[in-house]
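Survey of secondary and tertiary structure
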Amino acid sequence: MKLLRLFPDDSNFRFVRWRVLSFPFSAFISVATLILFLTVGLNYGIDFTGGTLMEMQAKSGQADLAKVRETAHSFEVGEVEVQEFGQGGQVSIRFRIQPGGESAQSKLVADARKAYESDYEIRRVETVGPRVSGELVQAGTLGVVLSIVSVLVYLWFRFELNLAIGAVIGTLHDIVLTVGFFLITREEFNMTSIAAILTIVGYSLNETVVVFDRTRELLRKYKNIPTDELLDLSINHTMSRTVMTATTTALSLLALVLFGGQAIQGFANVMLFGVVICTYSAIFVSSPMLIYLGVKTSARAVADDKAEAALREAGARRKPATS
């Protein structure tokens, strides 16, 4: 039985030469993301802006999420999150902090209690203030930064420093473009978004490390071929695996986007975008970046060192004659 191949094993596509297009494209998107972040800003959710959390238990044992969500939106208080959790009709509702301050927030809680108390038992009401939301922003940012630093140290020990730097550059590229996705689509940015970004960091590194591991093997096997040809060879050798992984992951996420419901649709949308960006980054950003980070075959490195030494020696010999 012939195995399914989404990409031919004997391919010899010149991926690295497309860096003349991928690098300017990625740089443009990254700069545009930075500008949008500073001018427009993210659409922060309740976790970061503060708000009110209400947890309820359906008296009938089964919650009607559509009706709960419709009632919550009828208050006309902005974005509302409605989720079912646990078992037996438990529902959580999140309201944003209201412009009128504490009095407006108290009125909203009173209206919500009155609207739901006939069908639901109000289990908990909790308000997340601006101070707590600020601490969540700091904790989320610190978590992303520490994860990247930890990965850099790990890859430094596993590979070489230039390979580790190339992997981290690719990961940062993926994070920036993911933030750009939030900015353009106005998808709500909350603690689930932090989880999505950390997941994308892991997926991005997985894709990059697979290619770099093959690059390290080929550096030992081929001593004299040019660096760009060696990088093309490593990408082609792993492309079948990369395409299969990206396809199966994307199909799973697509199912979540279409049928997963509103509760996880935002997470699924971000992850689906992240799979595409991470695959692009591993092929057209991280690997070509190694050329500019000085990765060379051993024989090429020795030849370059000898040529540089010869040039310096020749320059030293000509200097007395010219003076």
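Everything below is about the structure printed above this text.
Residues numbered from 1 in each chain as written. Predicted model: local features only at pLDDT ≥ 70, side-chain atom pairs only at ≥ 80, totals over all residues. Heavy atoms only, no water.

1. Focus on the overall build of the protein chain
Scanning the protein chain for helices and strands turns up 10 helices and 6 strands. Out of the 323 residues belonging to the protein chain, those deemed buried represent 40%. The long-range fraction of contacts in the protein chain, counting pairs at least 24 apart against all pairs at least 6 apart in sequence, stands at 78%. Carbon together with sulfur atoms contributes 61% to the accessible area of the protein chain, which is approximately 17,900 Å² in total. (Helix = DSSP H or I, 4+ residues; strand = E, 2+ residues; numbered from the N terminus. Buried < 20%, exposed > 50% of the residue type's maximum accessible area, 1.4 Å probe, protein only. Contact = heavy atoms within 4.5 Å. Areas by Shrake-Rupley, 256 points an atom, 1.4 Å probe, with all protein chains shown as cover.)

2. Re the packing of helix α6 (residues 161–185) against helix α7 (residues 191–221)
Between α6 and α7, the least distance of the axes is 9 Å, while the angle of their chain directions is 145 degrees. Judged by the sense of rotation from one axis to the other, the crossing of α6 with α7 is right-handed. Touching L163, G166, A167, G170, T171, D174, I175, T178 and F182 of α6 are S193, I197, I200, V201, S204, L205, T208 and F212, all from α7. Of the residues belonging to the contact of α6 with α7, the class tally is 9 nonpolar, 7 polar and 1 charged. (Axes fitted to C-alpha atoms, helices over the stretch in contact; angles between N-to-C directions. Left-handed = near helix turned anticlockwise from the far one by under 90°. Nonpolar A, V, L, I, M, F, W, Y, C, P; charged D, E, K, R; others polar.)

3. Description of the packing of helix α1 (residues 19–39) against α6
For the pair α1 and α6, the least separation of the axes is 9 Å and the interaxial angle reads 50 degrees. When the axes of α1 and α6 are compared, the pair comes out oblique. The handedness of the crossing between α1 and α6 comes out as left-handed. In contact with S26, I29, S30, T33, L36 and F37 of α1, α6 contributes H173, V176, L177, V179, G180, L183 and I184. Residues that form the contact of α1 with α6 fall into these classes: 8 nonpolar, 5 polar and no charged. (Parallel < 35°, antiparallel > 145°, perpendicular 65-115°, else oblique.)

That's the geometry; what it means functionally is another story.
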